Amino acid sequence: MNRLAVELPGLSLKNPIMPASGCFGFGREYARLYDLSQLGAIMIKATTLEPRFGNLTPRVAETPSGMLNAIGLQNPGVEKVLSEELPWLEQFDVPIIANVAGTTMEDYVQVAKEISKAPNVHALELNISCPNVKKGGIAFGTIPEVAAELTKLVKEVSEVPVYVKLSPNITNIVEMAKAIEEAGADGLTMINTLIGMRIDIKNAAPILANRTGGLSGPAIKPIAIRMIYEVSQAVSIPIIGMGGIQSAEDVIEFFYAGASAVAVGTANFVDPFVCPNIIEELPTLLDKLGVNHISECTGRSWRKGEPSVYCGA
Amino acid sequence: MIRKEQMSIVAHERIANNIYRIVLTGGLVSEMNTPGQFVHIKIEAQAEPLLRRPISICEINQERKQFTMIYRKEGIGTSILAEKMPGEMLDILGPLGNGFPLEAVEKGQTALLVGGGIGVPPLYELSKQLVKKGVYVVHVLGFQHKDVVFLENEFAKLGETYVATVDGSYGIKGFVTDVIAAHSLSFDVLYSCGPKPMLRALEQVFPNKNVYLSLEERMGCGIGACFACVCRVPNSDTAYRKVCSDGPVFKAGEVIL
């Protein structure tokens, strides 16, 4: 029995570990370092209808246990992703989750319609929470009615299940999650980055050319855990959790909070081998925790009547 | 091939004001051969500071399985690095990027190597390899002030070497371009590494020459995945090059400085 195998809408994952969108490009750089077939899935870089150059540099700034980024959805556009990136990824035995972004509802619908036809795209991740584009993105992720309408429109055209990526830059994330579930989403991914800023004390100017950026890394992990803990109790669709994961222990914490799979983001920049390392370490950790199958961990922090976790250590 | 390895510090010393030389040893050195490449260093095992620090390779010694870096202590990361002692280990990812093309210059020809500040170190391995190839090398090194001048003697052993300081406190007063003009330095190929204004000036002074420039940029991953260090390409709204993986060395005119 594969103790790490996870079944989610559209996704038969050999393990629940996948690189998060925007932290892995289209896999080419990491494919030079290890076999991408080891991964549970790959969330490819956000794809828009037209090619985008993105923001000016500096695009990243380090923060305490984290980093700010304001890349601005740089990507070659859906046509090139379909003709070059996705066919190239077919050489690997790994399902692709395509991150779909746009500035208008029509953009999202068109990209979703086209990209969901690719044979190796097994699910979509609707990016309604990018904090780094001027129009759209986060606006779709902060108003529940707007997010629900977009979810419905994309569901109508998508050939594969649709996961919606939630923004933490919102007062009531449970309300948002419920609205999206009701609109027909197959799953949720959470959390996207938190809007932050750094100022250079030498010249009093913002460090990022975009002024603000999305905060990621271990610094945001407690926020992700809290939000997944709340949302997973309020909805019945599965959650792919993300936000500062660096280790097998972090993965279990996300499962206990309510995640059914996880994505690793910023940690790929710190250690490009982090995903295969976590996958390798998980079985030993499950042994230590007395857990037979990783799915047993989902929601353990709030499920009632469950035996408390035995720690063999 | 890019590898990640725990490498041991062999030597570590301050060589000028806030400028340090560190020598590391390990099997990873066997992957290093092109001058102008860099490594990405995780300075502490914990999440703080989180990101790696890109630092250029200054000298490679295959026999001893050692390589040298020269860096400026400036922020949190390099301040912690500066405290590391010989015997301690460092998490190194590398070698990264594409270095200077040696094949651009032939035996008997002249290469002009122009470095500015902390852009000087990668030119040292380049100069050594060019000399070995039989190329005549001329060095022009620019620094802010006499307190931060380094590697002058090492370069002088390899070829003609001029040093300039912005404030005139050492060597020739002025910028590297002033030195090149004052001495009417001629060359077949120019290799440079340093701050962008300096690279821009060189590109403007020698529009029809064979010029290679090594860029510095804030980086995330260092391997081309995060799109933090992109620069624009002339005559296109969407075309780009990544400094970390397409560079850091570019032919003059290939990217917009």
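Residues numbered from 1 in each chain as written. Chains lettered and ligands numbered in written order. Predicted model: local features only at pLDDT ≥ 70, side-chain atom pairs only at ≥ 80, totals over all residues. Heavy atoms only, no water.

- Labelled according to an unreviewed UniProt entry, chain B appears under the name Dihydroorotate dehydrogenase B (NAD(+)), electron transfer subunit, originating from [Anoxybacillus] calidus.
- The Subunit (unreviewed entry) comment attached to chain B in UniProt states, word for word, "Heterotetramer of 2 PyrK and 2 PyrD type B subunits."
- According to the UniProt record, the Function (unreviewed entry) comment for chain B reads "Responsible for channeling the electrons from the oxidation of dihydroorotate from the FMN redox center in the PyrD type B subunit to the ultimate electron acceptor NAD(+)." (UniProt positions renumbered as here; feature names shortened; annotations may be inferred.)

- Taking an unreviewed UniProt entry as the reference, chain A is identified by name as Dihydroorotate dehydrogenase belonging to [Anoxybacillus] calidus.
- Quoted verbatim from the Pathway (unreviewed entry) field of UniProt, the annotation for chain A is "Pyrimidine metabolism; UMP biosynthesis via de novo pathway; orotate from (S)-dihydroorotate (NAD(+) route): step 1/1."
- On record in UniProt, under Subunit (unreviewed entry), the comment for chain A is "Heterotetramer of 2 PyrK and 2 PyrD type B subunits."

**Quick word on the state of the cysteines**
So, point 1. Under the definition given, this model contains zero disulfides over all chains.
So, point 2. Distance from the sulfur of Cys-23 of chain A, which forms no disulfide, to the nearest cysteine sulfur (Cys-226 of chain B) is 8.6 Å. (Disulfide = S-S within 2.5 Å.)

**What to know about the domain arrangement of chain B**
All names here are of chain B.
So, point 1. Each assigned domain of chain B is listed here: domain 1 (3–96) and domain 2 (110–214).
So, point 2. On a C-alpha basis, the centroid separation for the pair domain 1 and domain 2 is 23 Å.
So, point 3. Taken together, the contact pairs 16 residues of domain 1 with 14 residues of domain 2.
So, point 4. Contact with domain 2 buries surface across domain 1, with Pro-35, Cys-58 and Ile-70 losing the most and accounting together for 34% of the total.
So, point 5. Connecting domain 1 to domain 2 are two salt bridges.
So, point 6. Here Arg-21 makes a salt bridge to Glu-154, at a shortest N to O gap of 3.5 Å.
So, point 7. At the surface where domain 1 touches domain 2, the tally comes to five residue pairs in polar contact (both at pLDDT 80 or more).
So, point 8. At the level of secondary structure, the elements contributing two or more residues to the side of domain 1 that touches domain 2 comprise strand S1 (3–16), strand S2 (19–25), strand S5 (59–61) and strand S6 (66–72). (Domains from an automatic or database assignment. Contact = heavy atoms within 4.5 Å. Buried area = accessible area lost by both parts, 1.4 Å probe. Salt bridge = Lys/Arg side-chain N within 4 Å of Asp/Glu carboxyl O. Polar contact = N/O pair within 3.5 Å; in protein donor to acceptor, adjacent residues only side chain to side chain. Helix = DSSP H or I, 4+ residues; strand = E, 2+ residues; numbered from the N terminus.)

**Observations regarding the interface of chain B and chain A**
So, point 1. In this complex, chain B contributes 30 residues to the contact, which on the side of chain A involves 34 residues.
So, point 2. Across the chain B/chain A interface, buried area totals approximately 2700 Å², and carbon plus sulfur atoms make up 65% of it.
So, point 3. Interface area lost by chain B to chain A is led by Leu-50, Arg-218 and Phe-227 of chain B, which between them contribute 22%.
So, point 4. Where chain B touches chain A, the interface holds three salt bridges.
So, point 5. For the salt bridge of Arg-53 of chain B with Glu-62 of chain A, the shortest nitrogen-to-oxygen distance reads 2.6 Å.
So, point 6. Among the elements of the structure, strand S14 (230–232) and strand S15 (240–242) of chain B are those that each provide at least two residues to the side of chain B that touches chain A.
So, point 7. Here the side of chain B that touches chain A gets three residues from one element, more than from any other, and that element is S14 of chain B.
So, point 8. Its residues assigned to classes, the side of chain B that touches chain A shows 17 nonpolar, three polar and 10 charged. (Nonpolar A, V, L, I, M, F, W, Y, C, P; charged D, E, K, R; others polar.)

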